[in-house]
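Below, each chain spelled out in residue letters.
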Amino acid sequence: AYRILREADLRDYLAGLPAIVAQLGGAPADWSISEVGDGNLNLVFIVKGGSGGLAVKQALPYVRLVGESWPLPLSRAHYEHMALVHQARLAPMLVPAVLHHDAPLALTAMELLEPHIIMRKGLIEATWYPRFVEDISTFLAQTLFFTSDLALSAAEKKQGIADFAGNHALCKITEDLIFTDPYRIAEQNRWTAPYLDATAAAFREDLDLHVAISRLKLKFMASPQALLHGDLHTGSIMVTDSETRVIDPEFAFYGPMGFDIGAVIGNLLMAYLASAGHERTPGERASFEAWLLATMEGVWSEFSRKFLALWRSEANGDGYPVSLFTGEAGAARLEAERQAYMARLFEDTVGFAAAKTIRRILGLAHNIDFEWIADEKQRAICEARALKLARNMMLEAPSYTTIGAVTYAARELRNW
Ligand code: SR1
Ligand code: MG
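Keep in mind it's a predicted model, so treat the numbers as computed, not measured. (Residues numbered from 1 in each chain as written. Chains lettered and ligands numbered in written order. Predicted model: local features only at pLDDT ≥ 70, side-chain atom pairs only at ≥ 80, totals over all residues.)

## Structural notes on the overall build of the chain
What counts, and what does not: Helix and strand definitions here come from DSSP, where helices need a minimum of 4 consecutive H or I residues and strands a minimum of 2 consecutive E residues; each element is numbered from the N-terminal end. The globule rule used here is 2.2 Å times the number of residues to the 0.38 power, and the radius of gyration it is set against is calculated over C-alpha atoms. With C-beta atoms placed from the backbone, the exposure class of a residue follows from how many other C-beta atoms lie within 10 Å of its own: 20 or more, buried; 12 or fewer, exposed; in between, partly exposed. Residues are defined as contacting one another if the C-beta atoms placed from their backbone atoms lie within 7 Å.
The number of helices and strands found in the chain is 15 helices and twelve strands. Against the compact-globule benchmark of 22 Å for 416 residues, the chain has a radius of gyration of 22 Å, which places it among compact chains. Along the first, second and third principal axes, the C-alpha set of the chain runs to 65 × 60 × 40 Å. Going through the 416 residues of the chain one by one, you find that 44% of them count as buried. When contacts within the chain are restricted to residue pairs at least 6 apart in sequence, long-range pairs at least 24 apart make up 74% of them.

Below, the structure written as C-alpha coordinates:
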(Lines give C-alpha, C1' and ligand atoms only; values in the text may rest on other atoms or scores of the structure.)
(Ligands and ions follow the chains in the order given, each with its own letter.)
Protein backbone atom coordinates (compact mmCIF):
# COMPACT_ATOMS: atom_id res chain seq x y z
CA ALA A 1 0.00 0.00 0.00
CA TYR A 2 1.15 3.56 -0.62
CA ARG A 3 2.77 5.45 2.21
CA ILE A 4 5.14 8.39 2.12
CA LEU A 5 8.58 7.00 2.92
CA ARG A 6 10.85 8.70 5.41
CA GLU A 7 14.54 7.87 5.44
CA ALA A 8 14.17 5.09 8.06
CA ASP A 9 11.23 3.47 6.18
CA LEU A 10 13.23 3.54 2.98
CA ARG A 11 16.15 1.76 4.65
CA ASP A 12 13.83 -1.06 5.83
CA TYR A 13 12.15 -1.23 2.44
CA LEU A 14 15.38 -1.43 0.45
CA ALA A 15 16.87 -3.95 2.88
CA GLY A 16 14.10 -6.33 1.76
CA LEU A 17 15.19 -6.22 -1.91
CA PRO A 18 18.09 -8.64 -2.52
CA ALA A 19 19.21 -7.07 -5.80
CA ILE A 20 19.31 -3.63 -4.22
CA VAL A 21 21.17 -4.92 -1.15
CA ALA A 22 23.76 -6.41 -3.50
CA GLN A 23 24.02 -3.18 -5.46
CA LEU A 24 24.58 -1.09 -2.34
CA GLY A 25 26.82 -3.46 -0.40
CA GLY A 26 27.51 -3.35 3.33
CA ALA A 27 24.98 -3.59 6.14
CA PRO A 28 21.70 -1.68 5.72
CA ALA A 29 22.27 0.00 9.09
CA ASP A 30 25.42 1.58 7.63
CA TRP A 31 23.84 2.95 4.46
CA SER A 32 23.62 6.72 4.29
CA ILE A 33 20.25 7.97 3.10
CA SER A 34 19.33 11.58 2.52
CA GLU A 35 16.37 13.26 0.87
CA VAL A 36 17.72 15.77 -1.63
CA GLY A 37 14.74 16.56 -3.86
CA ASP A 38 14.65 20.19 -4.94
CA GLY A 39 12.16 19.74 -7.79
CA ASN A 40 8.55 20.81 -7.76
CA LEU A 41 6.81 17.47 -7.36
CA ASN A 42 8.57 14.51 -5.70
CA LEU A 43 10.81 13.08 -3.00
CA VAL A 44 14.32 12.11 -4.16
CA PHE A 45 16.66 10.12 -1.93
CA ILE A 46 20.36 9.44 -2.43
CA VAL A 47 21.31 6.10 -0.88
CA LYS A 48 24.95 5.08 -0.48
CA GLY A 49 26.16 1.70 0.73
CA GLY A 50 29.53 0.03 1.22
CA SER A 51 30.17 -0.53 -2.49
CA GLY A 52 27.54 1.36 -4.49
CA GLY A 53 24.80 3.92 -4.54
CA LEU A 54 21.41 4.63 -6.06
CA ALA A 55 18.81 7.34 -6.42
CA VAL A 56 15.25 6.66 -5.27
CA LYS A 57 12.38 8.80 -6.46
CA GLN A 58 8.94 8.62 -4.85
CA ALA A 59 5.92 10.53 -6.11
CA LEU A 60 3.98 12.46 -3.48
CA PRO A 61 0.18 12.53 -3.73
CA TYR A 62 0.36 16.30 -4.11
CA VAL A 63 2.49 19.01 -5.74
CA ARG A 64 5.50 19.44 -3.46
CA LEU A 65 6.02 23.06 -4.50
CA VAL A 66 2.52 24.04 -3.36
CA GLY A 67 1.51 21.46 -0.75
CA GLU A 68 -1.40 19.14 0.00
CA SER A 69 -3.94 21.64 -1.28
CA TRP A 70 -2.92 20.61 -4.83
CA PRO A 71 -3.42 16.84 -5.16
CA LEU A 72 -1.65 15.01 -7.99
CA PRO A 73 -2.08 11.35 -9.04
CA LEU A 74 0.62 8.88 -8.04
CA SER A 75 0.16 7.23 -11.44
CA ARG A 76 2.75 9.66 -12.82
CA ALA A 77 5.42 7.33 -11.38
CA HIS A 78 4.04 4.56 -13.62
CA TYR A 79 4.24 6.77 -16.72
CA GLU A 80 7.72 7.95 -15.80
CA HIS A 81 8.86 4.35 -15.40
CA MET A 82 7.34 3.35 -18.76
CA ALA A 83 8.97 6.32 -20.45
CA LEU A 84 12.38 5.60 -18.89
CA VAL A 85 12.29 1.99 -20.06
CA HIS A 86 11.24 3.05 -23.56
CA GLN A 87 13.85 5.81 -23.79
CA ALA A 88 16.58 3.43 -22.59
CA ARG A 89 15.81 1.19 -25.58
CA LEU A 90 15.81 4.09 -28.04
CA ALA A 91 18.65 6.17 -26.61
CA PRO A 92 20.91 3.80 -24.68
CA MET A 93 23.22 5.44 -22.15
CA LEU A 94 21.33 8.73 -22.30
CA VAL A 95 18.88 8.00 -19.45
CA PRO A 96 19.52 6.58 -15.96
CA ALA A 97 19.20 2.79 -15.68
CA VAL A 98 16.12 1.66 -13.74
CA LEU A 99 17.03 -0.80 -10.98
CA HIS A 100 13.66 -1.32 -9.34
CA HIS A 101 10.08 -0.06 -9.66
CA ASP A 102 7.23 -0.39 -7.14
CA ALA A 103 3.93 0.77 -8.65
CA PRO A 104 1.85 0.87 -5.44
CA LEU A 105 4.55 2.89 -3.68
CA ALA A 106 4.98 5.11 -6.78
CA LEU A 107 8.70 4.54 -6.30
CA THR A 108 11.58 3.98 -8.71
CA ALA A 109 15.19 3.18 -7.81
CA MET A 110 17.72 4.25 -10.41
CA GLU A 111 21.40 4.27 -11.11
CA LEU A 112 23.09 7.01 -9.07
CA LEU A 113 24.42 9.65 -11.44
CA GLU A 114 27.73 10.72 -9.98
CA PRO A 115 29.55 13.09 -10.47
CA HIS A 116 26.82 14.42 -12.80
CA ILE A 117 25.15 17.66 -11.84
CA ILE A 118 21.91 19.29 -12.92
CA MET A 119 22.80 21.11 -16.13
CA ARG A 120 20.99 24.30 -15.11
CA LYS A 121 23.32 24.66 -12.12
CA GLY A 122 26.39 24.13 -14.28
CA LEU A 123 25.19 26.76 -16.75
CA ILE A 124 24.78 29.28 -13.94
CA GLU A 125 28.44 28.57 -13.10
CA ALA A 126 29.32 29.21 -16.77
CA THR A 127 30.45 25.63 -17.29
CA TRP A 128 30.63 24.31 -20.88
CA TYR A 129 29.43 20.82 -21.74
CA PRO A 130 31.26 19.61 -24.85
CA ARG A 131 29.13 16.41 -25.19
CA PHE A 132 25.80 18.11 -24.86
CA VAL A 133 24.96 18.85 -28.51
CA GLU A 134 25.89 15.36 -29.62
CA ASP A 135 23.97 13.64 -26.83
CA ILE A 136 20.80 15.71 -26.64
CA SER A 137 20.41 15.71 -30.43
CA THR A 138 20.70 11.92 -30.41
CA PHE A 139 18.19 11.66 -27.57
CA LEU A 140 15.71 13.89 -29.40
CA ALA A 141 16.14 12.30 -32.82
CA GLN A 142 15.94 8.72 -31.54
CA THR A 143 13.04 9.14 -29.12
CA LEU A 144 10.96 11.34 -31.41
CA PHE A 145 11.56 9.54 -34.70
CA PHE A 146 11.07 5.99 -33.41
CA THR A 147 7.79 6.79 -31.64
CA SER A 148 6.34 8.64 -34.63
CA ASP A 149 4.20 7.51 -37.57
CA LEU A 150 7.34 7.64 -39.69
CA ALA A 151 8.71 4.60 -37.85
CA LEU A 152 5.64 2.83 -36.44
CA SER A 153 2.63 1.12 -37.91
CA ALA A 154 -0.66 2.89 -37.26
CA ALA A 155 -1.62 0.19 -34.75
CA GLU A 156 1.65 0.45 -32.82
CA LYS A 157 1.37 4.22 -32.71
CA LYS A 158 -2.23 4.16 -31.47
CA GLN A 159 -1.27 1.64 -28.79
CA GLY A 160 1.51 3.98 -27.69
CA ILE A 161 -0.89 6.89 -27.44
CA ALA A 162 -3.28 4.74 -25.40
CA ASP A 163 -0.49 3.60 -23.05
CA PHE A 164 0.23 7.18 -22.02
CA ALA A 165 -3.28 8.65 -22.32
CA GLY A 166 -3.88 8.33 -18.58
CA ASN A 167 -1.14 10.85 -17.80
CA HIS A 168 -3.59 13.67 -18.37
CA ALA A 169 -3.21 15.27 -14.93
CA LEU A 170 0.43 16.05 -15.73
CA CYS A 171 -0.59 17.37 -19.16
CA LYS A 172 -3.16 19.57 -17.42
CA ILE A 173 -0.36 21.15 -15.36
CA THR A 174 1.39 22.08 -18.62
CA GLU A 175 -1.86 23.24 -20.24
CA ASP A 176 -2.53 25.59 -17.33
CA LEU A 177 0.93 26.71 -16.23
CA ILE A 178 2.51 27.14 -19.66
CA PHE A 179 -0.34 27.82 -22.05
CA THR A 180 -2.91 29.73 -20.01
CA ASP A 181 -2.00 31.22 -16.63
CA PRO A 182 0.87 33.54 -17.63
CA TYR A 183 -1.57 35.37 -19.93
CA ARG A 184 -4.34 35.95 -17.37
CA ILE A 185 -4.73 36.84 -13.72
CA ALA A 186 -4.00 33.63 -11.84
CA GLU A 187 -3.49 33.44 -8.10
CA GLN A 188 -0.18 31.61 -8.34
CA ASN A 189 1.47 33.78 -10.99
CA ARG A 190 4.43 35.82 -9.85
CA TRP A 191 7.10 37.97 -11.44
CA THR A 192 9.85 40.33 -10.41
CA ALA A 193 7.72 43.18 -9.08
CA PRO A 194 7.45 46.07 -9.38
CA TYR A 195 9.82 46.13 -12.38
CA LEU A 196 7.79 43.73 -14.53
CA ASP A 197 4.30 44.80 -13.39
CA ALA A 198 3.60 46.72 -16.59
CA THR A 199 5.00 43.96 -18.82
CA ALA A 200 2.91 41.30 -17.06
CA ALA A 201 -0.19 43.48 -17.50
CA ALA A 202 0.64 44.01 -21.18
CA PHE A 203 0.92 40.24 -21.70
CA ARG A 204 -2.52 39.84 -20.10
CA GLU A 205 -4.00 42.38 -22.53
CA ASP A 206 -2.20 41.23 -25.68
CA LEU A 207 -4.80 39.52 -27.87
CA ASP A 208 -2.30 38.74 -30.63
CA LEU A 209 -0.29 36.83 -28.06
CA HIS A 210 -3.42 35.14 -26.70
CA VAL A 211 -4.18 33.83 -30.18
CA ALA A 212 -0.60 32.63 -30.66
CA ILE A 213 -0.40 30.85 -27.29
CA SER A 214 -3.84 29.29 -27.84
CA ARG A 215 -2.71 27.88 -31.20
CA LEU A 216 0.30 26.36 -29.44
CA LYS A 217 -1.92 25.01 -26.66
CA LEU A 218 -4.17 23.32 -29.19
CA LYS A 219 -1.13 21.82 -30.87
CA PHE A 220 0.08 20.53 -27.50
CA MET A 221 -3.32 18.98 -26.76
CA ALA A 222 -4.24 17.63 -30.17
CA SER A 223 -1.07 16.61 -32.06
CA PRO A 224 0.16 13.22 -30.83
CA GLN A 225 3.17 13.12 -33.14
CA ALA A 226 5.56 11.21 -30.87
CA LEU A 227 6.27 10.13 -27.29
CA LEU A 228 7.58 13.25 -25.58
CA HIS A 229 9.67 13.60 -22.47
CA GLY A 230 7.24 16.39 -21.71
CA ASP A 231 9.40 18.52 -19.37
CA LEU A 232 12.79 18.68 -21.08
CA HIS A 233 14.28 21.74 -19.39
CA THR A 234 17.88 21.99 -18.21
CA GLY A 235 16.77 20.89 -14.73
CA SER A 236 15.80 17.53 -16.29
CA ILE A 237 19.29 16.95 -17.69
CA MET A 238 22.31 15.77 -15.71
CA VAL A 239 25.76 16.27 -17.14
CA THR A 240 29.49 15.90 -16.79
CA ASP A 241 32.17 16.90 -19.26
CA SER A 242 31.76 13.61 -21.03
CA GLU A 243 28.23 12.33 -20.30
CA THR A 244 24.62 13.45 -20.56
CA ARG A 245 21.59 11.83 -18.91
CA VAL A 246 17.99 12.89 -19.39
CA ILE A 247 15.98 12.35 -16.19
CA ASP A 248 12.43 12.89 -14.88
CA PRO A 249 10.09 12.01 -17.78
CA GLU A 250 6.98 12.01 -15.58
CA PHE A 251 5.21 14.39 -17.99
CA ALA A 252 5.60 11.85 -20.83
CA PHE A 253 2.75 11.61 -23.33
CA TYR A 254 2.22 11.62 -27.10
CA GLY A 255 2.39 15.23 -28.23
CA PRO A 256 4.01 17.58 -30.75
CA MET A 257 7.74 17.01 -31.23
CA GLY A 258 8.49 20.73 -31.17
CA PHE A 259 7.49 20.84 -27.51
CA ASP A 260 10.55 18.81 -26.44
CA ILE A 261 12.95 20.49 -28.86
CA GLY A 262 11.58 23.91 -27.93
CA ALA A 263 12.08 23.10 -24.25
CA VAL A 264 15.80 22.56 -24.82
CA ILE A 265 16.22 25.65 -27.02
CA GLY A 266 14.09 27.85 -24.73
CA ASN A 267 16.05 26.86 -21.65
CA LEU A 268 19.36 27.56 -23.39
CA LEU A 269 17.98 30.95 -24.43
CA MET A 270 17.11 31.67 -20.82
CA ALA A 271 20.58 30.62 -19.67
CA TYR A 272 22.00 32.99 -22.30
CA LEU A 273 19.88 35.98 -21.32
CA ALA A 274 20.35 35.31 -17.58
CA SER A 275 24.12 35.21 -17.99
CA ALA A 276 24.43 39.02 -17.80
CA GLY A 277 23.09 38.85 -14.23
CA HIS A 278 25.67 36.37 -12.93
CA GLU A 279 29.19 37.11 -11.71
CA ARG A 280 31.74 36.32 -14.39
CA THR A 281 34.92 37.86 -15.67
CA PRO A 282 34.38 39.68 -18.99
CA GLY A 283 36.36 37.04 -20.88
CA GLU A 284 34.50 34.17 -19.24
CA ARG A 285 31.17 35.85 -19.95
CA ALA A 286 31.90 36.43 -23.63
CA SER A 287 33.19 32.94 -24.32
CA PHE A 288 30.44 31.21 -22.32
CA GLU A 289 27.68 33.18 -24.03
CA ALA A 290 29.20 32.45 -27.44
CA TRP A 291 29.26 28.75 -26.49
CA LEU A 292 25.57 28.91 -25.51
CA LEU A 293 24.60 30.42 -28.87
CA ALA A 294 26.67 27.84 -30.75
CA THR A 295 25.06 25.13 -28.60
CA MET A 296 21.55 26.25 -29.52
CA GLU A 297 22.53 26.22 -33.19
CA GLY A 298 24.11 22.78 -32.77
CA VAL A 299 21.07 21.31 -31.01
CA TRP A 300 18.74 22.14 -33.89
CA SER A 301 21.17 21.42 -36.73
CA GLU A 302 22.35 18.10 -35.32
CA PHE A 303 18.83 17.04 -34.33
CA SER A 304 17.61 17.91 -37.80
CA ARG A 305 20.49 16.08 -39.50
CA LYS A 306 20.00 12.93 -37.40
CA PHE A 307 16.20 12.93 -37.69
CA LEU A 308 16.39 13.28 -41.48
CA ALA A 309 18.99 10.52 -41.68
CA LEU A 310 16.67 8.20 -39.74
CA TRP A 311 13.77 9.14 -41.99
CA ARG A 312 15.83 8.32 -45.09
CA SER A 313 17.01 4.96 -43.77
CA GLU A 314 14.55 3.67 -41.15
CA ALA A 315 11.13 4.82 -42.32
CA ASN A 316 9.08 1.67 -41.88
CA GLY A 317 6.01 3.44 -40.55
CA ASP A 318 2.62 3.96 -42.11
CA GLY A 319 3.08 7.75 -42.36
CA TYR A 320 4.60 8.09 -45.82
CA PRO A 321 3.98 4.87 -47.79
CA VAL A 322 7.13 4.12 -49.78
CA SER A 323 4.96 2.75 -52.59
CA LEU A 324 3.68 6.28 -53.29
CA PHE A 325 7.17 7.71 -53.95
CA THR A 326 8.83 5.46 -56.48
CA GLY A 327 11.36 6.35 -59.14
CA GLU A 328 13.58 9.39 -59.31
CA ALA A 329 10.72 11.87 -59.33
CA GLY A 330 9.12 10.17 -56.31
CA ALA A 331 12.38 10.19 -54.35
CA ALA A 332 12.95 13.89 -55.11
CA ARG A 333 9.39 14.77 -54.14
CA LEU A 334 9.67 12.84 -50.87
CA GLU A 335 12.94 14.59 -50.05
CA ALA A 336 11.30 17.99 -50.65
CA GLU A 337 8.47 16.88 -48.38
CA ARG A 338 10.96 15.94 -45.66
CA GLN A 339 12.45 19.43 -45.84
CA ALA A 340 8.98 20.98 -45.61
CA TYR A 341 8.20 18.79 -42.58
CA MET A 342 11.38 19.99 -40.85
CA ALA A 343 10.48 23.62 -41.58
CA ARG A 344 7.08 23.13 -39.92
CA LEU A 345 8.75 21.38 -36.99
CA PHE A 346 11.17 24.28 -36.61
CA GLU A 347 8.29 26.77 -36.55
CA ASP A 348 6.65 24.73 -33.76
CA THR A 349 9.99 24.58 -31.94
CA VAL A 350 10.36 28.38 -32.02
CA GLY A 351 6.83 28.87 -30.68
CA PHE A 352 7.20 26.32 -27.89
CA ALA A 353 10.63 27.70 -26.91
CA ALA A 354 8.95 31.09 -26.49
CA ALA A 355 6.09 29.63 -24.43
CA LYS A 356 8.58 27.86 -22.16
CA THR A 357 10.42 31.13 -21.60
CA ILE A 358 7.37 33.26 -20.80
CA ARG A 359 6.00 30.75 -18.26
CA ARG A 360 9.26 30.83 -16.25
CA ILE A 361 9.07 34.63 -15.87
CA LEU A 362 5.35 35.36 -15.48
CA GLY A 363 3.91 32.06 -14.20
CA LEU A 364 4.09 29.92 -11.05
CA ALA A 365 7.25 27.87 -11.54
CA HIS A 366 10.37 29.97 -12.08
CA ASN A 367 13.91 28.80 -12.72
CA ILE A 368 17.13 29.52 -10.92
CA ASP A 369 18.83 30.95 -14.04
CA PHE A 370 16.90 34.13 -13.26
CA GLU A 371 15.97 33.53 -9.60
CA TRP A 372 19.58 33.35 -8.49
CA ILE A 373 20.28 36.85 -9.79
CA ALA A 374 20.16 38.51 -6.38
CA ASP A 375 19.86 42.10 -7.59
CA GLU A 376 16.16 42.29 -8.48
CA LYS A 377 16.54 45.18 -10.87
CA GLN A 378 19.27 43.37 -12.79
CA ARG A 379 17.15 40.21 -12.77
CA ALA A 380 14.18 42.13 -14.17
CA ILE A 381 16.37 43.56 -16.94
CA CYS A 382 17.44 40.05 -17.97
CA GLU A 383 13.85 38.77 -17.75
CA ALA A 384 12.49 41.71 -19.75
CA ARG A 385 14.95 40.91 -22.55
CA ALA A 386 13.83 37.29 -22.51
CA LEU A 387 10.15 38.29 -22.57
CA LYS A 388 10.72 40.66 -25.50
CA LEU A 389 12.50 37.97 -27.46
CA ALA A 390 9.93 35.30 -26.57
CA ARG A 391 6.99 37.52 -27.50
CA ASN A 392 8.52 38.17 -30.90
CA MET A 393 9.38 34.51 -31.44
CA MET A 394 5.82 33.49 -30.58
CA LEU A 395 4.14 36.08 -32.79
CA GLU A 396 6.59 35.89 -35.68
CA ALA A 397 7.55 32.21 -35.52
CA PRO A 398 7.28 31.72 -39.34
CA SER A 399 9.82 34.48 -39.92
CA TYR A 400 12.45 32.62 -37.88
CA THR A 401 13.32 30.25 -40.68
CA THR A 402 16.69 29.16 -39.31
CA ILE A 403 18.17 28.61 -35.86
CA GLY A 404 20.70 31.30 -36.83
CA ALA A 405 17.79 33.77 -36.97
CA VAL A 406 16.92 32.86 -33.37
CA THR A 407 20.47 33.24 -32.08
CA TYR A 408 20.88 36.49 -34.04
CA ALA A 409 17.75 37.91 -32.37
CA ALA A 410 18.98 36.73 -28.95
CA ARG A 411 22.36 38.40 -29.53
CA GLU A 412 20.65 41.62 -30.60
CA LEU A 413 18.55 41.65 -27.42
CA ARG A 414 21.42 40.75 -25.11
CA ASN A 415 22.24 44.42 -24.51
CA TRP A 416 18.77 45.91 -24.95
C1 SR1 B 1 3.44 22.50 -10.28
S2 SR1 B 1 4.65 21.77 -11.22
C3 SR1 B 1 5.49 23.06 -11.97
C4 SR1 B 1 6.44 22.65 -13.00
O5 SR1 B 1 7.39 21.76 -12.47
C6 SR1 B 1 7.71 20.76 -13.42
O7 SR1 B 1 9.08 20.62 -13.58
C8 SR1 B 1 7.04 21.20 -14.71
O9 SR1 B 1 7.86 22.04 -15.47
C10 SR1 B 1 5.86 21.92 -14.18
O11 SR1 B 1 5.26 22.77 -15.13
MG1 MG C 1 10.91 17.28 -13.16
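## Things to note about the sheet that holds strand β8 (residues 117-118)
For clarity, the cut-off: Strand pairing requires that DSSP identify at least two bridges connecting the strands.
Judged by pairing direction, the sheet is antiparallel, and its three strands sit side by side in the order β8-β10-β11 without closing on themselves. Looking along the sheet, the strands with just one partner apiece sit at the ends: β8 and β11 (244-246). When strand β10 (residues 237-239) meets β11, the two strands line up antiparallel, connected through three bridges. What sits directly across from V239, in β11, is T244.

## With respect to the sheet that holds strand β2 (residues 42-48)
Here is the rule we go by: To obtain an axis, a line is fitted to C-alpha atoms, over the contacting stretch when the element is a helix, and the angle between two such axes runs from 0 to 180 degrees between their N-to-C directions.
Read across the open sheet, the five strands follow the order β1-β2-β3-β7-β6; overall the sheet is antiparallel. Of all the strands in the sheet, just β1 (32-35) and β6 (98-102) have a single pairing partner and so form its edges. Between one strand and the next, the sheet's axes are offset by a mean angle of 15°, whatever the strand orientation. Relative to strand β7 (residues 107-111), strand β3 (residues 53-59) is paired through five bridges, and the arrangement is antiparallel. Pairing of K57 across the sheet is with T108, part of β7.

## Here's the deal with the site of ligand 1
Defined as follows: Nearness rests on one distance test: the residue's C-beta atom, set from the backbone, must lie within 6 Å of the molecule or strand. By the convention adopted, Pro, Cys, Tyr, Trp, Phe, Met, Ile, Leu, Val and Ala count as nonpolar, Lys, Arg, Asp and Glu as charged, and the other residues, Gly among them, as polar. Segmentation into domains, and thus their bounds, comes from an automatic or database assignment.
N40, L41, V63, L65, I173, T174, L177, D231 and A365 make up every residue found near ligand 1. A per-element tally of the shell around ligand 1 places helix α7 (residues 168-177) first, with three residues. Tallied by class, residues from the shell around ligand 1 come to six nonpolar, two polar and one charged. Viewed by domain, the shell around ligand 1 spans two of them, domain 1 (7-111) and domain 2 (117-413), each represented by three or more residues.

## A short note on the environment of V85
Along the chain, the position of V85 falls in helix α3 (residues 76-90). V85 sits in the exposed class, given 12 other C-beta atoms within 10 Å. Each C-alpha atom, one on V85 and one on S287, is 38 Å from the other, the two residues being 202 residues apart in sequence.

## Regarding the domain arrangement of the chain
Considered domain by domain, the chain is made up of domain 1 (7-111) and domain 2 (117-413). The interface is formed by 18 residues belonging to domain 1 together with 21 residues belonging to domain 2. Taken together, the residues of the side of domain 1 that touches domain 2 sort by class into twelve nonpolar, four polar and two charged.

## What about the pairing of β3?
Taken across its seven residues, β3 has six buried, putting it largely inside the fold. By the bridge criterion, seven bridges tie β2 to β3 in an arrangement that is antiparallel. Looking at the pairing, F45 lines up with V56 of β3. Adjacent in sequence and paired antiparallel, β2 and β3 are bridged by four residues.

## Some thoughts on the packing of helix α11 (residues 282-314) against helix α12 (residues 327-362)
Short version of the rule: The sense of a crossing depends on the near helix, which, turned anticlockwise from the far helix by less than a right angle, makes the crossing left-handed and, turned clockwise, makes it right-handed.
Two elements in contact, α11 and α12, have axes whose closest approach is 11 Å; the angle formed by their N-to-C orientations is 145°. As α11 runs across α12, the sense of the crossing is right-handed. Across from W300, S304, L308 and W311 in α11, the residues of α12 making contact are R338, M342 and F346. Here the residues of the contact of α11 with α12 sort into five nonpolar, one polar and one charged.

## Here we look at α3
Filter applied, for reference: A helix is expected to span 1.5 Å for every residue after the first.
For α3, which comprises 15 residues, the first-to-last C-alpha distance of 21 Å matches the rise-based estimate of 21 Å (1.5 Å per residue) to within 8%. Of all the residues in α3, the buried ones are R76, A77, Y79, E80, H81, A83, L84, H86 and Q87.

## Looking at the nonpolar core
If you look at soluble globular proteins, the nonpolar side chains tend to sit buried side by side. Basically, it comes down to this: By convention in this section, buried Ala, Val, Leu, Ile, Met, Phe, Trp, Tyr and Cys residues joined through C-beta atoms within 7 Å make up a nonpolar core.
Counting 91 residues, the largest nonpolar core has I265, L269, M296, A355, A386, M393 and M394 as the members making the most contacts within it. When residues of this core are sorted by domain, at least three fall in each of domain 1 (7-111) and domain 2 (117-413). The residues contacting M296, other than those within four sequence positions of it, are I265, L268, L269, I403, V406 and T407. Counting 19 residues, the second largest nonpolar core, distinct from the first, contains L54, A55, V56 and A109.

## Considering the UniProt feature "domain: Aminoglycoside phosphotransferase" (unreviewed entry) in the chain
This is how it is decided: UniProt positions are given in the numbering used here, feature names are shortened, and annotations may be inferred rather than shown by experiment.
Sequence positions flagged by UniProt for "domain: Aminoglycoside phosphotransferase" (unreviewed entry) are, in local numbering, residues 33-293. End C-alpha atoms of residues 33-293 are separated by 39 Å, and the span's content is 43% helix alongside 18% strand.

## Quick notes on the environment of I185
Inspection of the secondary structure assignment puts I185 in the loop between α7 and α8 (197-205). I185 sits 178 residues away from G363 along the chain, and the two C-alpha atoms are 9.9 Å apart.

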